[in-house]
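# Examination of the molecular architecture
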Amino acid sequence: MGVLPDDDEARRYVLGPGSVSWRIAGDARLLLSAGAALVLQVAHPTVGAGVHEHSDFERDPWGRLLRTLDFVNLLVFGGPEAAIATGRGTRAIHRQIKGVLPDGRPYHSLEPEAYAWVHATLAETIVSSYVRFVGPLASRDVEAFWQEWRGLGRLLGVRKRDLPATWADFGPYVDRMARERLEDNETVRGVLRTLRRPTAPPLPLLGDRTWGLLRIPAARAMGLGTVGLLPEAVRARLGLHWTAAQERELALLGRASRLVTPLAPRPVRQMGPTYLRLRGDALPVAPELPRRQRPAVAA
C-alpha cells in the first residue's frame with residue numbers, strides 16, 4: 001500500500017449522501033469548534049512550528065478559516081474527483097513545510113505522527129461539537145463516522161496504523177498525545193490571543209459599526225467553544241483555566257443551539273454543498289454537486 005492510494009483504491013474512500021459524515025460534518029454550528037481544532041493541532045510541536053513559520057494566521061485568521069473550510073468541504077462533499085485532488089494537493093503542499101524547532105531539532109510537516117494528528121483533531125472536534133450544539137449521536141454512528149474519517153485520511157496519505165483503529169481507542173490516543181507529545185507553545189498562545197479579539201470577517205455588508213456590536217458576543221462564544229471543547233487532558237497539559245461557571249455558560253449555549261435543531265433550515269444543517277456552491281470559482285478544485293441536494297439522513 002503506497003503513501004497515496006491509486007485511483008481505484010481512492011474511490012473506495014470517497015463519501016456520498018448516505019454517509020454518516022455527510023449527515024454530521026456539514027452543520028454550520030460546528031464552526032464554534034474551529035478554534036478548538038486549531039489549538040489541538042498547533043499544540044503538537046511540529047504543527048505549531050509549521051504554522052508559526054509558514055502561516056499568516058494571526059494577520060489573516062479568516063483566510064486560514066476559509067482554507068480549512070475549503071479543504072474539509074471538498075474532501076467530504078466535493079465528489080470523487082475533487083476529494084481525490086484535494087487529498088493529493090494537501091499532501092503536496094505539506095512536502096514544502098519544514099524547518100527547525102526551537103530546541104534545534106529539524107521538523108517536517110509530513111512526519112507521520114504529526115500529519116495523522118491534524119486529521120484526527122478534526123474528527124475529535126466534529127463529534128464533540130455535534131453532541132454539544134446539535135444533538136446526540138448513537139455509538140454506532142460515531143464508530144461509522146470514525147471509519148469514514150480514517151478512509152478520508154488515506155486520501156491525504158495518512159497511514160491507517162497512525163490512527164486509532166476504533167473510536168473506543170480514540171480517547172486513550174488523545175490522552176497519550178496530551179501526556180507525551182503536546183505542549184504549550186507560542187503558536188498556541190498566538191491562536192488564543194487572536195480568538196479573544198477577532199478581526200471583522202471579510203464580508204462586504206458587515207460594516208465597522210455592525211461588527212462592533214457583534215464582536216464581543218462572537219468572541220465570547222468562540223472563546224467558550226475553543227477551550228470548553230478541548231479534551232480535559234489537553235486543557236490540563238496547556239494550563240488552560242476552565243471554571244464551573246464557564247462550563248455552565250457553555251452548557252446553556254449548547255442547550256439553546258440544540259433546541260433550535262428541529263427548526264434549523266437545511267443550509268444550516270447541510271452547509272457543505274451550499275458552502276461549495278457559494279465559494280464557486282474561489283475553490284482550488286471544482287466540486288461535483290447535483291443541482292439539488294436533499295438531506296442525507298434524518299438526525
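Residues numbered from 1 in each chain as written. Predicted model: local features only at pLDDT ≥ 70, side-chain atom pairs only at ≥ 80, totals over all residues. Heavy atoms only, no water.

### Let's talk about the overall build of the chain
Rules: Each helix is a run of DSSP H or I of at least 4 residues and each strand a run of E of at least 2, with the numbering of both proceeding from the N terminus. Contacts were defined at the residue level, with two residues in contact if any of their heavy atoms lie within 4.5 Å. Note on areas: Shrake-Rupley, 1.4 Å probe, and residue coverage restricted to the protein chains presented here.
Tallying secondary structure elements over the chain gives 15 helices and 2 strands in all. In the chain, once contacts between residues fewer than 6 apart in sequence are set aside, the share between residues at least 24 apart is 76%. With the model as given, the accessible surface of the chain reaches about 14900 Å², and the carbon-plus-sulfur share is 58%.

### A look at the confidence of the model for the chain
Rule in force here: Per residue, pLDDT measures the predictor's confidence, with a range of 0 to 100.
Mean pLDDT over the chain works out to 89, with 90% of the residues at or above the 70 mark. Per-element confidence in the chain ranges from a low mean pLDDT of 71 for helix α11 (residues 208-228) to a high of 98 for helix α8 (residues 139-156). Counting interchain partners and residues more than four positions distant, the pLDDT-below-50 stretch residues 293-299 has 16 contacts.

### Observations regarding the nonpolar core
For clarity, the threshold we go by: What makes a nonpolar core is a set of buried Ala, Val, Leu, Ile, Met, Phe, Trp, Tyr and Cys residues whose side-chain atoms join them at distances within 4.5 Å. Here's how the labels work: a residue is buried when its accessible area is under 20% of the maximum for its type, exposed when over 50%, partly exposed in between, all with a 1.4 Å probe on protein chains only.
Counting 75 residues, the largest nonpolar core has Val-76, Phe-145, Trp-149, Leu-155 and Val-234 as the members making the most contacts within it. Residue contributions to this core peak at 11 residues, all from helix α7 (residues 112-133). Each residue touching Trp-149, except ones within four places of it in the same chain, is listed here: Val-76, His-119, Leu-122, Ala-123 and Ile-126.

### Some details on the pattern of salt bridges
Put simply, the test is: Any Lys or Arg side-chain nitrogen located within 4 Å of an Asp or Glu carboxyl oxygen qualifies as a salt bridge.
A full pass over the atoms with the stated rule returns 16 salt bridges. The shortest N-O distance in the salt bridge between Arg-154 and Glu-9 comes to 3.3 Å. With Arg-154 in helix α8 and Glu-9 in helix α1 (residues 7-13), the pair connects residues that are 145 residues apart, well separated along the chain. On the basis of relative accessibility, which here comes to 1%, the residue Arg-154 falls in the buried class.

### Digging into the environment of Ala-37
Among the structural elements, Ala-37 can be located in helix α3 (residues 34-42). A sequence separation of 85 residues divides Ala-37 from Leu-122, and the C-alpha atoms of the two residues are 6.0 Å apart. Beyond its immediate sequence surroundings of up to four residues, Ala-37 is in contact with Thr-121, Leu-122 and Thr-125.

### Details of the side chain of Asp-70
Here Asp-70 is to be found in helix α5 (residues 61-77). Residue classification places Asp-70 among the buried positions, given a relative accessible area of 5%. In this structure, Asp-70 is in contact with Tyr-275, Arg-279, Leu-283 and Pro-284, ignoring residues within four places of it in sequence.

### Points about the packing of aromatic side chains
Put simply, the rule is: Here is the rule: rings of Phe, Tyr and Trp (six-membered ring for Trp) pair when centre to centre is within 6.5 Å. Planes less than 30 degrees apart are stacked, more than 60 are edge-to-face, and the remainder are tilted.
Summed over all chains, the structure comprises 7 aromatic pairs. For the ring pair Trp-22 and Phe-77, a centre distance of 5.0 Å and an interplane angle of 65 degrees mean the geometry is edge-to-face. Separated by 55 residues along the polypeptide, Trp-22 in helix α2 (residues 20-24) and Phe-77 in helix α5 bring together distant segments of the chain. Residue classification places Trp-22 among the buried residues on the basis of a relative accessible area of 4%. Judged by relative accessible area, which is 1%, Phe-77 ranks as buried.

### Quick look at helix α6 (residues 80-94)
Stated precisely, the cut-off is as follows: A helix's residues, less one, multiplied by 1.5 Å, set its expected span.
Under the 1.5 Å per step criterion, the end-to-end length of α6 is 22 Å for 15 residues, consistent within 8% with the ideal 21 Å. Taken together, the buried positions of α6 are Ala-82, Ala-83, Ile-84, Thr-86, Gly-87, Thr-90 and Arg-91. Residues of α6 that are buried sit in contact with α1, α5, α7 and α8.

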